[in-house]
Amino acid sequence: MIISKINDKNSFYIDINLSFFNGEKTEKPTPRKKQKARSEGQVAISKEIATAITLILGFLSLKILGKYMYKQIASVMNFNFTLIEDANKIISEDYLLDLFIYMILRCIIIAGPICIVAMIIGIVTNILQVGWHPTTKPLQPKFDAFNPATGFKRLFSFKQIVDAIISIIKIIFLIIVIYNAVKGEVHQIVNIVYMDLFSAVIYICNLCVDIGLKVGYFFIIIAIIDFAYQRYSHTKKLRMSKQEIKDEYKQIEGDPTIKGKIRQKMRESSLRRMMQEVPGADVVITNPTHFAVAIKYDREKEGAPIVLAKGVDHLAQKIKDVAKENKVEIVENKPLARALYSSVDVGKEIPPELYQAVAEVLAFVYKLKNMI
């Protein structure tokens, strides 16, 4: 928006919107632009949604699978304690390899269910946000990313500033949530030293799960806000100028100027072919000044007479001129000329309701040529 001021006695302001001329991107993205961005992996997606749901379902899984995991961990610890009885055996390389494999498998058994839940949640939440459309384009190297100027500009972009503010807000509220959750358990936490090992572990696990769930609920609010912002930011990033929309339309529909020229060439070609058929006509039926229709009837073939050419005004005159040059009979019949022009396309047979009228004209022409 440009504001111009005229300095005279009657000063006034003129608001001029130059967005159309300077290419400012003020228009909503077209479906084609959105589809192209999607194919390149540019979609409005909030990572906070996956984080929030992963936290909630992950800690719920811990709560459900807590006893199972405790038994597995206890089994591993018992196994390790039994190794103390035979310390010499541990020194063996083969035994150490077997022990390493055993520990890896146990870790997979213990942590596997939680990892699988987290992986499924991540995939499902992303699909629910943007649908299933895998692409490898985001993985392709972008050499402009190595440009220091571009990186510096991106570092202090509006999006990065907003992301930084959101991160600070998350940390602050996260501390508040954890503080409030722990504050009510301070006396119980102090008494852990008087508990047996099993009770202490159960208590700490339950406390961690409760804190994790509260953090997850907090992240749901953050996720909703972040998702709305990501949608807005993505749409704003894809905005187009009026010139870009016009260029896209040209790419899809073709340049109107070129298409007009092509249609003109096709009409001219069709007109030439039509005029080349006039010399072979039996008769040209006229209005006499406005309409002209060239008719041909092949008595050796079954079927009705065919319209070889037709025209109105200037084109009608050209048809009559070609007919005169090639000694084709011209017959004046105003109603029939109008009816043929309006009801029959070039190259098509005349309709049954016009058989009688056309037959009379052809009989007249054949009589003049001594053909009957």
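Scroll up to find the structure.
Residues numbered from 1 in each chain as written. Predicted model: local features only at pLDDT ≥ 70, side-chain atom pairs only at ≥ 80, totals over all residues. Heavy atoms only, no water.

Engineer: Let's hear about the overall build of the protein chain: which residues, and what values?
Structural biologist: Per the secondary structure count, the protein chain includes 14 helices and six strands. Considering the protein chain as a whole, with its 372 residues, one finds that 26% of them fall into the buried category. Pairs at least 24 residues apart make up 71% of the contacts formed inside the protein chain by residues separated by at least 6 positions. Put simply, the protein chain shows about 26,000 Å² of open surface, and 63% of that area lies on carbon and sulfur atoms. (Helix = DSSP H or I, 4+ residues; strand = E, 2+ residues; numbered from the N terminus. Buried < 20%, exposed > 50% of the residue type's maximum accessible area, 1.4 Å probe, protein only. Contact = heavy atoms within 4.5 Å. Areas by Shrake-Rupley, 256 points an atom, 1.4 Å probe, with all protein chains shown as cover.)

Engineer: For the pairing of strand E3 (residues 283–286), give the residues involved together with the corresponding values.
Structural biologist: Burial along E3 is two-sided: the residues Val283 and Ile285 and Val284 and Thr286 are all buried. Pairing of E3 with strand E4 (residues 291–296), which is carried by four bridges, proceeds in the antiparallel orientation. Across the sheet, valine 284 pairs through a bridge with alanine 294, a residue of E4. The turn linking E3 back onto E4 is made up of four residues. In this structure, E3 lies alongside strand E6 (residues 329–332), joined through four bridges in parallel fashion. Paired with threonine 286 across the bridge in E6 is glutamate 332. (Pairing = 2+ DSSP bridges.)

Engineer: So, the packing of aromatic side chains: which residues are in play, and what are the values?
Structural biologist: For the structure shown, the criterion picks out three aromatic pairs. Ring geometry for phenylalanine 218 versus phenylalanine 219: centroids 5.6 Å apart, planes at 80°, classification edge-to-face. Per residue, the accessibility class of phenylalanine 218 equals that of phenylalanine 219, and both read buried. Three or more aromatic residues link up through ring pairs in this structure, and these residues are Phe173, Phe218 and Phe219. For the cation-ring pair, lysine 310 lies above tyrosine 341, with the distance from its terminal atom to the ring centre recorded as 5.0 Å. (Phe/Tyr/Trp six-rings, centres within 6.5 Å; stacked < 30°, edge-to-face > 60°. Lys NZ or Arg CZ within 6 Å of the ring centre and 35° of its normal.)

Engineer: Residues and numbers for the environment of methionine 103, please.
Structural biologist: Tracing the chain through its elements places methionine 103 in helix H5 (residues 93–130). If sequence neighbours within four positions are ignored, methionine 103 has contacts with Val76 and Asn80.

Engineer: Summarise the side chain of lysine 320; cite the residues concerned and give the values.
Structural biologist: In this fold, lysine 320 is placed in helix H12 (residues 314–325). Although buried, lysine 320 forms no salt bridge, and the nearest oppositely charged side chain, aspartate 321, lies 7.3 Å from it. Setting aside its immediate chain neighbours within four residues, lysine 320 contacts Thr286, Pro288, Thr289, Ala292 and Ile330. (Lys, Arg positive; Asp, Glu negative; His and termini not counted. Salt bridge = Lys/Arg side-chain N within 4 Å of Asp/Glu carboxyl O.)

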